[in-house]
Amino acid sequence: MNRKDTVKLISADEMEFVIDKDAAMVSQTIRNMLTSPGGFAETELGEVTFPEISAVILEKICQYFYWALQYSR
Amino acid sequence: MSNQKKRIFQIEAFQNRVVVDPKYAEKTWKILVHAIHEIYNHNASGLSFEELYRNAYNMVLHKFGEKLYSGLVTTMTAHLKEISKSIEAAQGNLFLEELNRKWNDHNKALQMIRDILMYMDRTYIPDTHKTPVHEPGLNLWRDNIIHSGKIQSRLLSTLLELVHRERTGEVIDRGLMRNIVKMLMDLGSSIYQEDFEKPFLEVSAEFYRGESQKFIECYDCGDYLKKAEIRLNEEIERVTHYLDAKSEGKITNVVEKEMIANHMMRLVHMENSGLVNMLLNDKHGDLGRMYNLFRRVPNGLAMIRDVMTSHLRETGKQLVTDAESLKDPVEYVQRLLDEKEKYDGIISLAFSNDKTFQNALNSSFEYFINLNSRSPEFISLFVDDKLRKGLKGVSEGDVEIILDKVMMIFRYLQEKDVFEKYYKQHLAKRLLSLIVKLKTACGYQYTSKLEGMFTDMKTSQDTMQGFCSSHPELTDGPTLVVQVLTTGSWPTQPSITCHLSFEMSALCEKFRSYYLGTHTDIKAIFGKGQKHELNVSTYQMCVLMLFNNADRLCYKEIEQGTAIPASDLKRCLQSMACVKGKNVLRKEPMSKDIGEDDSFFVNEKFASKFYKVKVGTVVAQKESEPEKQETRQRVEEDRKPQIEAAIVRIMKSRKVLDHNNIIAEVTKQLQSRFLANPTEIKKRIESLIEREFLERDNSDRKMYRYLA
């Protein structure tokens, strides 16, 4: 049920974080992943796995995304 | 007491040092190579971006960036070699398409690889000053594909062939062309120029050379120009569609050079259709086209101009030396006017009013008009003729227009003084003949005043000169231009009661003494020019002199200061303050009419193109009622003595005459001048009787007798 554009970020211990695409795009890396012209798995499924990032860290990262969005407007 | 075991905290280095054995690097690299392969084979969907990214990240982090980079280069090279083979294998038309497709693929792959290796781009590259991934990608493409022997030449020839085909009228795939050209441009502008543009320009030059040769054999000038224009537009369109914008200038130069510059001479001098022919036949469309095309080429316009000038001089010379037209000056000048009009039309329509052409036209006209030394005479005869004829049939507006045109021709005359002399003669003849006619029609007295006017003009000019030469110190004061008028001849004006300012009066006195020294009992009346070289009437001058002492005056003050009658004052103020371009004074409020409460200032912003400015008086449009009455009255007054003189003449001869007969005779005598009113005649008789010129007969009340 993706009402708007959302992506799923999956941490090493398989915690799933669903955030807006805009938030995710704050990160260049994620942005490139999602907008790459090639048919990578990420683009297809709309989810990115981070086998080396723990959930706690990933949670903080997501919070950072939203903070960045809020203050850049 | 607790036995505190001293724990020695040893801070050890990170336990988590990732094992970076070379094997690890190898492994990672293998993964990446595999990925690149997959990418090139369009199989990327099975891959995880994140994983690859992580791998690349790790490699760089653990100082294997070098390996990564070089490995990348080798892999890509290998791939591209394969690709070039497949392109070479493509047949005929498919060649370009194949190339295009592979190029697109390559671009996509390159993008993906760059994304994966983003971290390397960001950290490793700046450190080692290598070029970011994208560039080697392009360079490799260039080296392996474009510059691979077989492909390069084939590419070029295919492209040129396509262009050629389009020029000969076929339709080609422009989109494809555009992509290929864009590819070349993306690879670097030097590539584009070397590999494509230069040969393109050369081939085009050759093509157009051949074509222009062919055309010029078959077509005449007008058609050739049309074709050239078409080709030029075509090339421009081609550039906008699928070539680099910078090429536009270059290709248009080529076309211009080949089609126009090389054949300029020939085109212009082509018989039966060249420039001369176009001028003769007023072919404005062709001329306009020629102008536009030649304008692009250096010296193109100069050539047109030269040919036009020489042709014009030739025709002009013929005109002026043609024996036929010399017999009839009117015809002669008319033809000159026609010629001028025609060329004016050509320049404005076809040559878009180019100044240089206008100048050329002027100089040619000047040249040949002055070839014939009798031109001034003819022109004045023409004007004479038109003015005479002008009275019947032709409206005044038309005459004005014709005179304007003649004025233009007049400017070309070098010997304007010859014209002046002739014109004076003709003018004098015209006027004299007019006066003679009037004389024969109406009698001497009628015309004596007119003659008096003319002689006055002449004598006043002589007097002026005499005055100026005898009083040389006056040259820096206000200049005095005096017309000396015989009171009897000129329409009487109320004598001027305005107060002249001090310096003017001094001048007037001087002149008066000089004049009276040379002539006796003629009253001197003045009209002047002013020190700003303003040419004004006497009243205006007085008003202006008032402003010498004050910056601002109201109407009442001016009226008092000058004692000029109100209607005249209003008129002269109007002409000085309300006329556009000649408003020496500023008025408040800014309305057209002069009211009693208006105030006036000197207009500092007064500017005029000319040094001498003539401020005329606003013409009293129609005589207002009172003025009309006045004029009528004056006429009546004038008639009275005439009637009296007539009565006396008749009575002297007849001695005795009765009333009715007197009236009849007097009316008959005065018939040529005016229709006498019987009551008026009666009144005159009465007054004569009072003055004892006549008497009533004692016996018959109606008879009158002349008294000696």
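Look a little higher up for the structure.
Residues numbered from 1 in each chain as written. Chains lettered and ligands numbered in written order. Predicted model: local features only at pLDDT ≥ 70, side-chain atom pairs only at ≥ 80, totals over all residues. Heavy atoms only, no water.

Caption draft 1: How the structure looks around the overall build of chain A. Within chain A, the regular secondary structure consists of four helices and three strands. Helices and strands appear in chain A in the N-to-C order β-β-α-α-α-β-α. For chain A, the proportion of its 73 residues judged to be buried stands at 37%. In chain A, once contacts between residues fewer than 6 apart in sequence are set aside, the share between residues at least 24 apart is 56%. Approximately 4600 Å² of chain A is accessible, and the part contributed by carbon and sulfur atoms is 52%. (Helix = DSSP H or I, 4+ residues; strand = E, 2+ residues; numbered from the N terminus. Buried < 20%, exposed > 50% of the residue type's maximum accessible area, 1.4 Å probe, protein only. Contact = heavy atoms within 4.5 Å. Areas by Shrake-Rupley, 256 points an atom, 1.4 Å probe, with all protein chains shown as cover.)

Caption draft 2: Structural view of unusual backbone geometry. The phi dihedral of Glu14(A) falls on the positive side, at around 60°, and the residue is not glycine. Turning to its location among the elements, Glu14(A) is positioned in the loop between β1 (6-10) and β2 (16-20). Note on Glu14(A): relative accessible area 65%, which makes it exposed. Its identity as a non-glycine residue notwithstanding, Lys655(B) has a phi of 70°, on the positive side. If you trace the backbone, Lys655(B) turns up in the loop between α27 (625-654) and β6 (656-658).

Caption draft 3: Looking closely at the packing of helix α9 (residues 189-218) of chain B against helix α11 (residues 246-260) of chain B. Residue and element names in this part refer to chain B. Two elements in contact, α9 and α11, have axes separated by 8 Å at closest approach and are oriented at 25°. The angle between α9 and α11 falls in the class roughly parallel. Like other packed secondary-structure pairs, α9 and α11 cross with a definite hand, here right-handed. Every residue of α11 that contacts α9 at Tyr-192, Gln-193, Glu-197, Phe-200, Leu-201, Ser-204, Ala-205, Tyr-208, Arg-209, Glu-211, Ser-212 and Phe-215 is listed here: Lys-246, Ser-247, Lys-250, Ile-251, Val-254, Val-255, Glu-258 and Met-259. (Axes fitted to C-alpha atoms, helices over the stretch in contact; angles between N-to-C directions. Parallel < 35°, antiparallel > 145°, perpendicular 65-115°, else oblique. Left-handed = near helix turned anticlockwise from the far one by under 90°.)

Caption draft 4: Structural view of the nonpolar core. With 140 residues, the main nonpolar core has Leu9(A), Phe294(B) and Phe351(B) as its most contacted residues. Here the element with the most residues in this core is α9(B); it accounts for 10 residues. In contact with Phe351(B), other than residues within four places in its own chain, are Leu287(B), Tyr291(B), Ile304(B), Met308(B), Ile346(B) and Phe357(B). Of all hydrophobic cores here, the second largest spans 19 residues; its members include Ile650(B), Met651(B), Ile663(B) and Ile681(B). (Core = buried A, V, L, I, M, F, W, Y, C linked by side-chain atoms within 4.5 Å.)

Caption draft 5: Spatial organisation of the packing of aromatic side chains. Evaluated as defined, the whole model comprises nine aromatic pairs over all chains. For the pair Trp67(A) and Tyr71(A), a centre-to-centre distance of 5.3 Å together with 45° between the ring planes defines the contact as tilted. Here Trp67(A) and its partner Tyr71(A) are both found in helix α4 (residues 55-72), four residues apart, which amounts to about one turn of the helix. Taking relative accessible area as the criterion, Tyr71(A) reaches 57% and is therefore assigned exposed. With a centroid separation of 5.4 Å and 35° between ring planes, the pair formed by Tyr291(B) and Phe351(B) is classed as tilted. Of this pair, Tyr291(B) sits in helix α14 (residues 284-295) while Phe351(B) sits in the loop between α17 (329-349) and α18 (355-369); the two residues are 60 residues apart in sequence, bridging distant segments of the chain. Across the pair, exposure class does not vary: Tyr291(B) and Phe351(B) are buried alike. Pairwise contacts between aromatic rings join Tyr64(A), Phe65(A), Trp67(A) and Tyr71(A) into one cluster. (Phe/Tyr/Trp six-rings, centres within 6.5 Å; stacked < 30°, edge-to-face > 60°.)

Caption draft 6: Structural context of the sheet that holds strand β8 (residues 703-706) of chain B. Residue and element names in this part refer to chain B. Taken together, three strands build an open sheet; the order of strands is β6-β8-β7 and the sheet is antiparallel. Two strands in the sheet have a free side with no partner beyond their single neighbour: β6 and β7 (694-696). Strand after strand, the sheet turns through a mean of 30° between neighbouring axes, direction not considered. Alignment of β7 against β8, held across three bridges, turns out to be antiparallel. Of the residues in β8, the one forming a bridge with Arg-696 is Tyr-704. Along the sheet, helix α28 (residues 659-670) makes contact with β6 and β8, crossing β6 at roughly 95°. On top of the sheet, helix α29 (residues 678-690) reaches β7 and β8; it is set at about 100° to β7, its chief contact. (Pairing = 2+ DSSP bridges.)

Caption draft 7: Summary view of the sheet that holds β2(A). Residue and element names in this part refer to chain A. Strands sit in the order β2-β1-β3 across an open sheet of three strands; the sheet is mixed. With partners counted over all chains shown, the strands left at the sheet margins are β2 and β3 (47-49), one partner each. Taking the axes of each pair of neighbouring strands and ignoring which way they run, one obtains an average angle of 20° across the sheet. The pairing of β1 with β2 spans five bridges and is antiparallel. The partner of Leu-9 across the bridge, within β2, is Phe-17. Where α4 meets the sheet, its contacts fall on β1 and β2, and the angle it forms with β2 comes to roughly 10°.

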